[in-house]
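Commentary on secondary and tertiary structure
Here are the chains, one letter per residue:
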Amino acid sequence: MRNQPKGDTINTIPTQQQSSLKIDYFLFSCFEFEQNCKAFPATAVGAQRWPEILPFIEGSRENFEELGTLQDQLSASLKWYANEFPAIVTDHKIEMENLAAVAAASVFFALDLRILASKDSNALESLGQDNNGLWSEIDRIVTEIAPNMAQFISAYLRWVFVRVEEKYWEAGSRPPVGRYTPGARNRRPYGSGPSSSGPRRSGPGGKPSGDRDRGPRRDSGDRNGPRSGGPSGGRDRDSGDRSRRPQAPRGENPNAGAGRNSHADQEQAALESVKSAIDRLRGEEGLKEIRLDPSNSFFRRLQHKKAVSEGFYSFSTGEGAGRSVVVTREKQDNEEGGA
């Protein structure tokens with residue numbers, strides 16, 4: 001090793017520039033803070049909230065016309081949060097040290113945006129669709145006031161407001177899961193019989209992979225007698241199994257009955273029942289809740305989603321085969337969890 005001149009130092013540990021937190025982590029942090037604001041309303045109206053919005057929340061203000069256009073209002077709001085949370089202006093990346101500040105500023109600004117846009121029906125509708133004039137103005141304001149964090153703030157705003165098209169499933173085409181999958185109880189487990197399509201397993205319930213299911217072995221001296229599999233001398237070993245299989249009536253297509261009481265019919269009936277309950281709740285003001293017929297967890301999940309999408313609440317009650325969905329006007333404090 002060469003001698004180093006006096007005063008020189010050797011850095012044996014290379015320094016690595018710490019990268020910014022991933023945007024998914026930031027979005028989840030914003031979501032947690034947003035839920036905290038809903039659970040503890042004082043958080044959403046604290047001293048760090050834009051003062052112009054507080055009178056509206058408290059009910060002493062009806063509009064923001066004196067502040068100018070919607071763009072002027074949004075600009076004033078974000079400038080306030082830039083002063084309250086300087087990290088969104090001075091910092092160049094999101095780290096654990098400034099994560100809380102950037103998340104709080106983003107959530108507060110999103111809450112203000114919802115209130116300000118609600119005074120204009122066209123603006124509120126435009127927030128649900130990306131790539132329009134309103135979003136261009138919002139991006140311009142965010143980039144102008146908080147250029148270093150514009151990518152993160154804009155991503156959160158779109159995550160909150162832009163509607164994502166949900167895939168439409170035809171009845172019966174949605175892949176069910178779990179033990180309630182239609183037909184699951186009629187399928188044989190692997191290795192349980194000659195018609196099994198899966199690999200044979202060793203031990204109870206199956207045969208070793210090298211041992212074909214030939215039936216009971218006959219004595220070596222009984223070569224001229226009938227095989228133990230049946231009177232045909234072993235050429236029809238599965239004849240007994242075939243007799244137990246469901247047979248279609250003569251002249252009828254084996255698949256013709258697939259539509260009767262099929263999974264598609266059951267799914268359609270489950271959705272129609274929750275739609276009927278919603279229609280009744282809308283038509284009868286004195287009716288607070290309606291309990292649907294019992295159904296399995298797959299159909300209950302679809303009923304929950306349908307009720308929420310129509311602006312109602314739902315919860316499951318009951319046990320086992322009697323568990324069913326209850327559709328209500330208001331969220332119940334004693335709701336049972338789970339589908």
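Residues numbered from 1 in each chain as written. Predicted model: local features only at pLDDT ≥ 70, side-chain atom pairs only at ≥ 80, totals over all residues. Heavy atoms only, no water.

Considerations on the side chain of Asn98
- With respect to the element layout, Asn98 can be found in the loop between α5 (87-90) and α6 (99-118).
- A relative accessible area of 6% places Asn98 in the buried class.
- Looking at Asn98, its side chain comes within polar contact range of the main-chain oxygen of Lys93, at 2.9 Å.
- Ignoring sequence-local partners within four residues, the contact set of Asn98 consists of Ala87, Asp91, Lys93 and Met149. (Helix = DSSP H or I, 4+ residues; strand = E, 2+ residues; numbered from the N terminus. Buried < 20%, exposed > 50% of the residue type's maximum accessible area, 1.4 Å probe, protein only. Polar contact = N/O pair within 3.5 Å; in protein donor to acceptor, adjacent residues only side chain to side chain. Contact = heavy atoms within 4.5 Å.)

Considerations on the pairing of strand β2 (residues 313-317)
- Counting buried residues along β2, four of its five residues qualify, which places the element largely inside the surrounding structure.
- In this sheet, strand β3 (residues 324-328) lies alongside β2 in antiparallel orientation, the contact comprising five bridges. Following the sheet pairing, Thr317 is matched in β3 by Ser324.
- With antiparallel pairing between neighbouring strands as the criterion, β2 and β3 make up a hairpin whose turn holds six residues, including Gly318 at a positive phi of roughly 95°. (Pairing = 2+ DSSP bridges.)

Digging into the nonpolar core
- With 49 residues, the main nonpolar core has Phe26, Leu74, Ile88, Leu127, Ile138, Val142 and Leu157 as its most contacted residues.
- At 13 residues, α6 tops the list of elements feeding residues into this core. (Core = buried A, V, L, I, M, F, W, Y, C linked by side-chain atoms within 4.5 Å.)

Examining the pairing of β3
- Burial runs high along β3: five of the five residues are buried.
- Residues Ser324, Val326 and Thr328 line one face of β3 and the alternating positions Val325 and Val327 line the opposite face, and both faces are buried.
- The pairing of strand β1 (residues 289-291) with β3 spans three bridges and is antiparallel. Along β3, the bridge assignment pairs Arg291 with Val326.

A short note on the sheet that holds β1
- Spatial ordering of the open sheet is given by β1-β3-β2, a layout of three strands whose pairing is antiparallel. Among the strands making up the open sheet, the edge pair consists of β1 and β2. Neighbour-to-neighbour, the strand axes of the sheet open up by a mean angle of 20°, direction not taken into account.
- Sheet strands in contact with helix α11 (residues 263-283) are β1 and β3, and its direction is about 155° off that of β1. (Axes fitted to C-alpha atoms, helices over the stretch in contact; angles between N-to-C directions.)

Re the pattern of salt bridges
- Applying the stated criterion to the full structure yields 13 salt bridges.
- In this structure, the salt-bridge partner of Glu66 is Arg61, at a minimum N-O distance of 2.2 Å.
- Overall, the relative accessible area of 53% leaves Glu66 in the exposed class.
- For Asp139, the salt bridge is made with Arg158, and the minimal N-O distance between the two is 2.7 Å. Of this pair, Asp139 sits in helix α8 (residues 133-145) while Arg158 sits in helix α9 (residues 150-161), and the two are 19 residues apart along the sequence.
- What makes Asp139 partly exposed here is its relative accessible area of 23%.
- One salt-bridge network, in which partners are shared between bridges, spans Glu52, Arg61 and Glu66. (Salt bridge = Lys/Arg side-chain N within 4 Å of Asp/Glu carboxyl O.)

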